[in-house]
Each structure stands twice: as structure tokens, then as C-alpha cells.
Amino acid sequence: MSKVTVVGAGNVGATVANVLAHQDLVREIVVLDIKGDMARGKALDSWQQASIDSYSTRLTGTENYADTADSDIVVITAGIPRKPGMSRDDLISTNAKIVTMVTRSIMEHSKNPIIIVVSNPLDVMTHAAYKASGLPRNRVFGMAGILDTARYRAFLATALDVSPKDIQAMLLGGHGDTMVPLPRYTTVSGIPVTEMISDEDLDAIVDRTKKGGGELVKLMGTSAWYAPGAAAAQMVGAIIRDENRIFPCCAQLDGEYGMKDLFLGVPVKLGREGIVQVIELKLNDQEMDLLNTSADHVREVMEVFEGLDIS
Ligand SMILES: NC(=O)C1=CN([C@@H]2O[C@H](COP(=O)(O)OP(=O)(O)OC[C@H]3O[C@@H](n4cnc5c(N)ncnc54)[C@H](O)[C@@H]3O)[C@@H](O)[C@H]2O)C=CC1
Ligand SMILES: O=C([O-])CC(=O)C(=O)O
């Protein structure tokens, strides 16, 4: 496994490529953007960092899909980000077309890639890539849960004054304000988080996590990129190392959690073949209600997607 393509050389795409290059795991990273010179420039900049930070991964930029031929993994970050006042769902009509076209072009040059979608609205854009690719569900999935749990872990680390490294957490649902962080599956070095923080403070952190993307959009005028880029690179790393790591990712459900044909955030095991297993947690009634509410929201956005004219 040694060729990764990142589509979109914007804030997130450039970060994915740069973080992944620092892992020194893959032979080659191709960064593709409709703005070819931007892709070439960012790839060249990262390649010029290689001798300083000691990695061998070769980075190139392009606007030509022929250069992506035989990619093992493709990360799709192409599309518009939201601005303050917008929801991720407002991006659907523009990004659905972009993600569909990008996926079709990728599939013309790579037979059996693994596709990781980052573009928003994430759950539905992952469905769009799945549909356009014709690949099986284990090879097309989305990045959101690693980012959302990372935010949750950061807020907990601040509140408890501990290292975020020691906080383990799980989160379910769509990548939007209905996401479901799971305090019952959150520990600090094995200690249930509920033994270390008051219910009131934990509720406030859960709420801040759900709105975590919007907090950054408000601060910066566009959406986040450091943590999102690192999260997607972590998924690529787990696949290439064939680690069978368990992460919350956006995966197509096929009966798990009582749902079918829906892309939603759930814990999955990630290895060389992509999703090796979707893990079903034993949720209590309250958690299941929250997950159903989140799934209903994703279904509503799916209906908008189905009504779009994408030729
Ligand atoms: N899943 C998640 O957790 C996250 C998702 N996002 C989403 O990722 C996407 C990218 O965000 P940013 O990198 O901040 O945006 P950006 O505007 O910095 O970069 C997007 C890039 O996509 C390129 N692009 C547009 N159409 C294209 C096409 N047809 N082919 C190839 N490239 C194309 C643009 O030229 C631009 O360089 C947005 O949709 C954003 O909402 C961002 C952060 C987290
Ligand atoms: O908030 C956004 O629009 C981008 C995103 O998905 C995130 O940072 O979680």
C-alpha cells in the first residue's frame, strides 16, 4: 500500500497530506485540486519540508486525474466549507455534485481504492461517494467521529486538567448538532469519567462538543482544518498499517443498530481492507433515542440529496 490521493488542496486537504507525509508511511501522495497550481504549490511546500522533518514520502500536486492512477486510498476533501451562520447541510447542493464528479473521475483511474470522505454534509456526502463509486461498503466511509471525539476529549482534558491522551471516548450519530457523545463509554485512564466530573459540567461539555464545528466557524470565518486533517490522516495510517484500530467513523449500516442503507457514525474496526467490522454497542433506551433522532436528521438530508439533479 503506498499511493494516497488527496482530492482538494484547501485547508483540510493540504493538512491531511502534510500530516500523512510526516508519518513517513506511504511512498507517494498526490494532491489534486481544480486549482492545479495551488495543489502543486502546497505539495511542493510539503516536499521541501521533508529533509527538515525527516520523511521520504514524495508529494506532488495536479489537476489531472491520470496522475491519481492506481491509488490505494483516496481522501476526498473537495467542496465548499461553511461560513458563519450556515449549517453543514446548507452545502449539500454544491458539494453533492463535486463529490459525485470527483468520485467518478477517481474510479476511472483506480480499480479498487478505499475512499475516505471528508466533505460536508459528511454522512450524505459519504453516501454520494459510495453510490458513485460502486465499491462495497467496507471501502467507502467518512471521517467525522475521530474529530468529534477529539473535541470532546480536548474539552474534558481542559476541565479535568489532564492530558487528552488519557481520555478514551466513543460517539455515535451524524456529523451535526444531533451527534451523540457517550459519557457511559468515556474513561480517563480507565476511570469512568462520571467519577471525575459533575453531571452538570459533563452535560455542558457534551453540548459544546455537538456544536464544536460551529464554534470554530464563528471564530475563524471558515471551518477547522488542523484536527480534521489529522483525523483523516489517522484513518489512513490505521489502514496502511493494517492495525484493526477501533474508531468512530461514518459507515453504511446494514441492520446494525436496527438501521439499513444509512450512513451514520458508529464504532468500526479499520484495517487493510477498510472497515473490517461495524461494532454494535449495547445502548440503553436514552442513548438509542438520541441515535434515532440523529439518524432521522441524516435521513432528512438524504431526501434533499435524492431530489438533486446530479447528471
Ligand atoms: N468531516 C469533517 O469533520 C470536516 C469536513 N470539512 C469539510 O471539508 C470540505 C473542505 O474544507 P476546507 O478544506 O476547509 O475547504 P477549502 O475551501 O479550503 O478547500 C476546498 C478545496 O476543494 C477544491 N475543489 C472544489 N471543487 C473541486 C473539484 N471539483 N475537484 C477538485 N477540487 C475541488 C477547492 O478548489 C478548494 O481548494 C468542506 O466541505 C468542509 O465542510 C471540514 C472540516 C471537518
Ligand atoms: O463545522 C464545519 O463546517 C466543518 C466540520 O465539519 C467540523 O469542523 O466539524
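Residues numbered from 1 in each chain as written. Chains lettered and ligands numbered in written order. Predicted model: local features only at pLDDT ≥ 70, side-chain atom pairs only at ≥ 80, totals over all residues. Heavy atoms only, no water.

Student: Lay out empty space enclosed by the protein with the relevant residues and their values.
Tutor: For the structure on display, the rule yields 1 cavity of 30 Å³ or more. Estimated volume of the largest cavity: approximately 30 Å³. Around the largest cavity, the lining residues are A144, G145, D148, L171, G173, G174, H175, C249, C250 and G265. Of all the elements in the fold, those that place two or more residues in the lining of the largest cavity are α6 (145–160) and β12 (245–254). Its residues assigned to classes, the lining of the largest cavity shows 4 nonpolar, 5 polar and 1 charged. (1 Å grid on protein atoms, 1.4 Å probe; cavity = no way out; pocket = protein on both sides within 12 Å on 5 of 7 lines; lining within 4 Å. Points joined across faces, edges and corners; volume = space filled by probe spheres on them. Helix = DSSP H or I, 4+ residues; strand = E, 2+ residues; numbered from the N terminus. Nonpolar A, V, L, I, M, F, W, Y, C, P; charged D, E, K, R; others polar.)

Student: An account of the packing of α6 against helix α7 (residues 199–210) is needed here, citing residue identities and associated values.
Tutor: α7 packs onto α6 with a crossing angle of 145 degrees between their chain directions and a minimal axis gap of 9 Å. Between α6 and α7 lies a crossing of right-handed hand. On α7, the residues that touch D148, Y152, F155, L156 and A159 of α6 are L202, I205, V206, R208 and T209. Considering only residue class, the contact of α6 with α7 consists of 7 nonpolar, 1 polar and 2 charged. (Axes fitted to C-alpha atoms, helices over the stretch in contact; angles between N-to-C directions. Left-handed = near helix turned anticlockwise from the far one by under 90°. Contact = heavy atoms within 4.5 Å.)

Student: Before we move on, can you summarise a negative patch on the surface with the specific residues and values?
Tutor: A contiguous patch of negative charge on the surface is contributed by D199, E200, D201 and D203. With respect to the helices and strands, the residue E200 is situated in helix α7. Taking the relative accessible area as the measure of exposure, E200 reaches 64% and is therefore exposed. (Patch = residues over 30% accessible without salt bridge, like charges linked within 9 Å, V, L, I, M, F, W, Y side chains within 5 Å. Areas by Shrake-Rupley, 256 points an atom, 1.4 Å probe, with all protein chains shown as cover. Salt bridge = Lys/Arg side-chain N within 4 Å of Asp/Glu carboxyl O. Lys, Arg positive; Asp, Glu negative; His and termini not counted. Charge placed at Lys NZ, Arg CZ, Asp CG, Glu CD. Buried < 20%, exposed > 50% of the residue type's maximum accessible area, 1.4 Å probe, protein only.)

Student: I'd like a description of the site of ligand 1, backed by residues and values.
Tutor: What surrounds ligand 1 is a group of 27 residues, the closest being N11, V12, D33, I80 and V118. Between ligand 1 and the protein, one listed contact pairs an oxygen atom with a backbone N or O atom of V12 at 2.8 Å. H175 has a polar side-chain atom sitting 3.1 Å from an oxygen atom of ligand 1. Burial of ligand 1 by the protein amounts to 89% of the accessible area it has alone, namely 870 Å². When each cavity is represented as a set of grid points, ligand 1 is found to reside in the largest pocket. (Near = heavy atom within 4 Å. Polar contact = N/O pair within 3.5 Å; in protein donor to acceptor, adjacent residues only side chain to side chain. Sits in = over half its atoms within 2 Å of the grid points.)

Student: Which residues make up the UniProt feature "binding site: NAD(+)" (unreviewed entry) in the protein, and what values go with them?
Tutor: In this numbering, the UniProt entry assigns the feature "binding site: NAD(+)" (unreviewed entry) to G8, A9, G10, N11, V12, G13, D33, N95, V118, S119 and N120. Taking the annotated residues in turn, G8, A9, G10, N11, V12, G13, D33, N95, V118, S119 and N120 line the largest pocket. Examined against the element boundaries, G10 turns out to sit in the loop between β1 (3–7) and α1 (11–23). In this view, G10 contacts D33 and K42; residues no more than four positions away in its chain are not counted. Under the relative-accessibility criterion, V12 is labelled buried at 16%. Once residues lying within four places of it in the same chain are set aside, the contact partners of V12 are T77, V118, A224, W225, P228 and G229. (UniProt positions renumbered as here; feature names shortened; annotations may be inferred.)

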